[in-house]
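Letter by letter, the chains look like this.
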Amino acid sequence: MAIVLDGIVFGLQLSLLAVGLTLIYGLGGVLNLAHGQFAAVAAIIGAVLVGRGHAPLVAVTLAVLAAGLLALFIDRTLMRPVYKLTGEARVLLSLLLTLGAAFLIDGLLIYYHPSTALNLSVPRLGLDLFGVRMRGSSIAASLVAIVVLVGLMLFLRYARFGKAIRSIIQDEVGAQLCGINPGRVRTVVFVLSGLLAGLVAATQAMISSVGSTDGLNFTILALIVTVVGGLGRVSGALVAGLLLGIVYTLASFHIGAFVTFVILLLAAIATILVRPSGILGKVS
Amino acid sequence: MGLDVQTGADAVAPTPPERAAIVSPLRAYAPVVVAAVVLALLPLAFGGSGYYRTLAIIMLVYAAYAIAFNIIFGGTGQLFLCLGALGGLSAYVSVVLTQDGGLPLLVTVPLGTLLAAALGALFSWVAVRRNLDVIFIGIVTLAFSLVFYNMVQGLRSLTGGETGMVVTGGTGTPLRGAVSYYVFVALLVAFLALYQLIDRSHLGWAFRALKNDELAAELAGIDVARYRIMAGAIGAAMVGLTGALYVHHEGFISPSVFNFAHLDVRVLVVLAFGGIGSLLGPIVGAAAVSVLDEFLRPLGQLRLAVYGVVLMTLFLFFRQGVVPTLAAATHRVRDRVRR
Amino acid sequence: MLRVEDLHVAYGETEVVHGVTFRVDAGEAVAIIGSNGAGKTTVLRTVCGLLAARSGRVEFEDVSLTGRSADRIARLGVAYVPAERHLFPGMSVAINLELGAYPKKPDPERFAYVYELFPRLKDRLAQLAGTMSGGEQQMLAVGRALMAGPKLLMLDEPTTGLAPILAEEAYRALAQLRDDGDVTVLVAEQQVPLALELADRGYVLEDGRIQLEGRADDLEHNPDVQRAYLGIA
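Residues numbered from 1 in each chain as written. Chains lettered and ligands numbered in written order. Predicted model: local features only at pLDDT ≥ 70, side-chain atom pairs only at ≥ 80, totals over all residues. Heavy atoms only, no water.

With 19 residues of chain A at the interface, the matching set in chain C holds 23 residues. Between chain A and chain C, a total of about 2,000 Å² is buried, with carbon and sulfur atoms accounting for 61% of that surface. Counting the surface chain A buries against chain C, the share from its top three residues, Arg160, Leu177 and Cys178 of chain A, is 34%. Glu98 of chain C is the salt-bridge partner of Lys163 of chain A, the closest N and O atoms lying 2.6 Å from each other. Summed over the shared surface of chain A and chain C, the number is five residue pairs in polar contact (both at pLDDT 80 or more). Of all elements in the fold, only α7 (160–170), α8 (172–177) and α9 (182–207) of chain A reach the threshold of two or more residues within the side of chain A that touches chain C. The leading source of residues in the side of chain A that touches chain C is α7 of chain A, at seven residues. Residues that form the side of chain A that touches chain C fall into these classes: eight nonpolar, six polar and five charged. (Contact = heavy atoms within 4.5 Å. Buried area = accessible area lost by both parts, 1.4 Å probe. Salt bridge = Lys/Arg side-chain N within 4 Å of Asp/Glu carboxyl O. Polar contact = N/O pair within 3.5 Å; in protein donor to acceptor, adjacent residues only side chain to side chain. Helix = DSSP H or I, 4+ residues; strand = E, 2+ residues; numbered from the N terminus. Nonpolar A, V, L, I, M, F, W, Y, C, P; charged D, E, K, R; others polar.)

Written as structure tokens, this is what we have:
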């Protein structure tokens, strides 16, 4: 049971990580392979600031904002030419350009901060849940993730801008005819995805350390969750994240860490073969 | 444009291999021969220096990877982001079977190659099964890169983990010593010939058709799925073969050689330079990248950042690759001068 | 209100609209009639910003529309109801309507007006747009376009896929719109009788060119028009 709960904790992080990525795809049919690097950048900036004596909360807030800023920069520079294309050319260019950006960021981070890592300590209180003692760090990380995810879902469902986002995903032309500017919305969502990735760096840092080399891992995990949840479906990313989190933790515990990744890969492949629109099935 | 069934099918069906064969075998394979000769004579330029030979072999190896990627991506548009993982898997399998299993190189290297081919075919098959686009292949292969890295770590007792292990399998074969250069030249020339062979064959025609207009190709009776899988298998086999041969030459294997952030990034830059879909582009690109790599060696890890910038710049401004773009530009200048 | 001058539109290399000129004055209802493939949709899509013109001028209330994005043009007061409607299938009628008013907050008076025009929408507020029938979707599309309080309402073949009774009902609604005086209406239509009955003036578009123009009554009685579109020998 403890493992399942751990799985949920991890799963919440995965959901948080994947939600931004899946939204970007839903809005523009593009994928950001530098997504994990947003988290890595946040981790390093946070770690550096904490190292300089700033209060962790301040450091983390600044770090998350920095991730958002980086996302804004990439959207305004790299994504402009990408959105001018359509269909497969657009996807390809987005993959190649963001891959280049990922390499650039990774190269810089690993070179200048090879061993810097963010570690956030959370007060040692424990809580009993279903008879299992949960560490303060897990609880804190999960709470943040839950609040943000729920907030995001509510926003998408009820806020005017949230509805505008959904409308573009459902029918971009229709949205334009309603006076909604898809480009501007995409930029906002891209920045949001950066902020969310930065936030995951913070929540993960409560549980284990997050360093400069974790960027690619985060990206790939987010990609797998996105695929299993169905590209472009926020609810799918949520469910898939939780599911894969549990699978990951269970497999890790019973079989071993490295086979776990094989299982995740197989999960992605299985989803593509059996339910290409994600585990939640076709959108009605 | 794509929905007019009649014209689509007509546009693709009539002149298949005959069209490619209009270019005589002589003209088609001449560049291959020229490349072979140039590469064979190259050692004269570095006069016995082991350092330059090593550099040249690395160039040949990257060119080989690039040709394989060219077939997969240039031919059928599948973005395989797991070249390092494929080459590495083949290499590790071959090494482990040779050293722990006692099997001869002549068995283990093909086995490794076959395994890589099988995986390449698997990935293509998965994406093709559902008629899915670029994204899924990219994601699945990227995930595989992660899997590979973790497998090497996890099976530490077999693979030597992060630190790697010494490879003895190549001793006593042409893969060691000065002759090794020619082994890799032969490999590369074989790959070039294979590339041309495919291009001029039924396969190449099918590749062009399905890249041009997949729907029309399907309607013309081309089994897109089968050709995609073939391209994936062949390209992956080439990558696997190269990887296995390389480690037996080097005498050492470790995951860092086959890391996504080491191998794949360089192959991408090679193709960005040399142009995707050109025959000799990979060689030109590989030469450029080898030189650049050596030049930037003191920067260490920062090289990754440089390559990232290079990739972004090249794909932003030289969509076709530096070499083809410059070639096209020089043609235009030449035409203008003629008038 | 709307002035289109010498509009040329091409799809790639192929020009499909060759120098079209027309205007729509405030408070009018204007019809552009023509057979399938004449270029009506192309013209409307260019005016509303979904297509880029090769050359020519489009002016709306003395503001140039050429080169502006579709969402910008929508916010300027030009509402377009395409033949494919482009509704949000996974969202309810209510939200589809609400988004029509974006970025403004939906005005309850506007809602009331739309319900008055299309009472059936009011009964189906929670229904998902994707599950509605063709006629209902058409009503929703027009209703959504009206939520922003546009000055010009352009409709592309609003009777597509509608049974004759529903088509008439649609045009009755359009007539009421025109009579209420808030909206100027421009309709592109293949079903000529309905369109000419509604309109004050009309243009005949064929092969990408304006072949005829005039008052709707005159066009209705024009022998060429009668032969080509009204089935009268």
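So, about the confidence of the model for chain C. All names here are of chain C. Counting all residues, the mean pLDDT for chain C is 88, and 99% of those residues have values of 70 or more. Averaged over each element, pLDDT in chain C is lowest for helix α10 (residues 223–229) (80) and highest for strand β6 (residues 78–81) (94). The complex prediction reports pTM at 0.88, with the ipTM value standing at 0.89. (pLDDT = per-residue confidence, 0-100.)

For the rest of this paragraph, the subject is the packing of aromatic side chains. All names here are of chain A. As enumerated under the stated definition, the model contains 16 aromatic pairs over all chains in all. Here Phe38 and Phe190 contribute two aromatic rings whose centre-to-centre distance is 6.2 Å and whose plane-to-plane angle is 80°, an arrangement assigned as edge-to-face. Pair noted here: Phe38 is in helix α2 (residues 35–51) and Phe190 is in helix α9, with a separation of 152 residues, a long-range link. Like Phe38, the residue Phe190 is buried in the burial classification. (Phe/Tyr/Trp six-rings, centres within 6.5 Å; stacked < 30°, edge-to-face > 60°. Buried < 20%, exposed > 50% of the residue type's maximum accessible area, 1.4 Å probe, protein only.)

A separate point is the nonpolar core. Residues Ile180 of chain A together with Phe69, Leu79, Leu86, Phe144, Ile253 and Val267 of chain B are the most contacted members of the largest nonpolar core, which totals 206 residues. With 16 residues, helix α5 (residues 50–76) of chain B is the single largest residue contributor to this core. Setting aside its immediate chain neighbours within four residues, Phe144 of chain B contacts Leu265 of chain A together with Cys82, Ala85, Leu86, Leu89, Leu119 and Phe123 of chain B. By size, the runner-up hydrophobic cluster in this structure holds 47 residues, among which are Met139, Ala167, Leu196 and Val225 of chain C. (Core = buried A, V, L, I, M, F, W, Y, C linked by side-chain atoms within 4.5 Å.)

Right, let's talk about the packing of α2 of chain A against helix α5 (residues 87–112) of chain A for a bit. Residue and element names in this part refer to chain A. At a minimum axis separation of 10 Å, α2 and α5 run at an interaxial angle of 25°. One way to sum up the angle between α2 and α5 is to call them roughly parallel. The handedness of the crossing between α2 and α5 comes out as left-handed. Every residue of α5 that contacts α2 at Gln37, Ala40, Val41 and Ile44 is listed here: Ala102, Ile105, Asp106 and Leu109. For the contact of α2 with α5, the class distribution of residues is six nonpolar, one polar and one charged. (Axes fitted to C-alpha atoms, helices over the stretch in contact; angles between N-to-C directions. Parallel < 35°, antiparallel > 145°, perpendicular 65-115°, else oblique. Left-handed = near helix turned anticlockwise from the far one by under 90°.)

What follows concerns the pairing of strand β7 (residues 152–156) of chain C. Two faces belong to every sheet, and in a regular strand the side chains alternate between them. Residue and element names in this part refer to chain C. Of all five residues making up β7, five are buried, and the element is well covered by its neighbours. Across four bridges, β6 lies against β7 in parallel orientation. Residue Val81 lies in a different strand from β7, and its bridge partner there is Leu155. One ladder, built from five bridges, connects β7 with strand β8 (residues 184–189); its direction is parallel. When the bridges of β8 are listed, Asp156 appears paired with Ala188. (Pairing = 2+ DSSP bridges.)

Residues and elements named next belong to chain C. The sheet built from four strands is open, its strands ordered β2-β1-β4-β5 with antiparallel pairing. One side of each edge strand has no neighbouring strand; the edge strands of this open sheet are β2 (14–24) and β5 (63–64). Here strand β1 (residues 2–11) pairs with strand β4 (residues 55–60) via five bridges, running antiparallel. Residue pairing for β4: Leu2 is matched across the bridge by Phe60.

Tallying the contact residues gives 40 residues for chain B and 40 residues for chain A. For the pair chain B and chain A, the two sides together bury roughly 3,900 Å², of which 87% comes from carbon and sulfur. Broken down residue by residue, the surface that chain B buries against chain A is led by Ile135, Leu146 and Met312 of chain B, which jointly contribute 15%. Applying the counting criterion to the chain B and chain A interface returns zero salt bridges. At the boundary of chain B and chain A, one finds zero residue pairs in polar contact (both at pLDDT 80 or more). Secondary structure elements with two or more residues in the side of chain B that touches chain A: α7 (105–129), α8 (134–154), α14 (260–274) and α16 (302–317) of chain B. Here the element with the most residues in the side of chain B that touches chain A is α8 of chain B; it accounts for 13 residues. Each residue belonging to the side of chain B that touches chain A can be placed in one class, and the counts come to 32 nonpolar, four polar and four charged.

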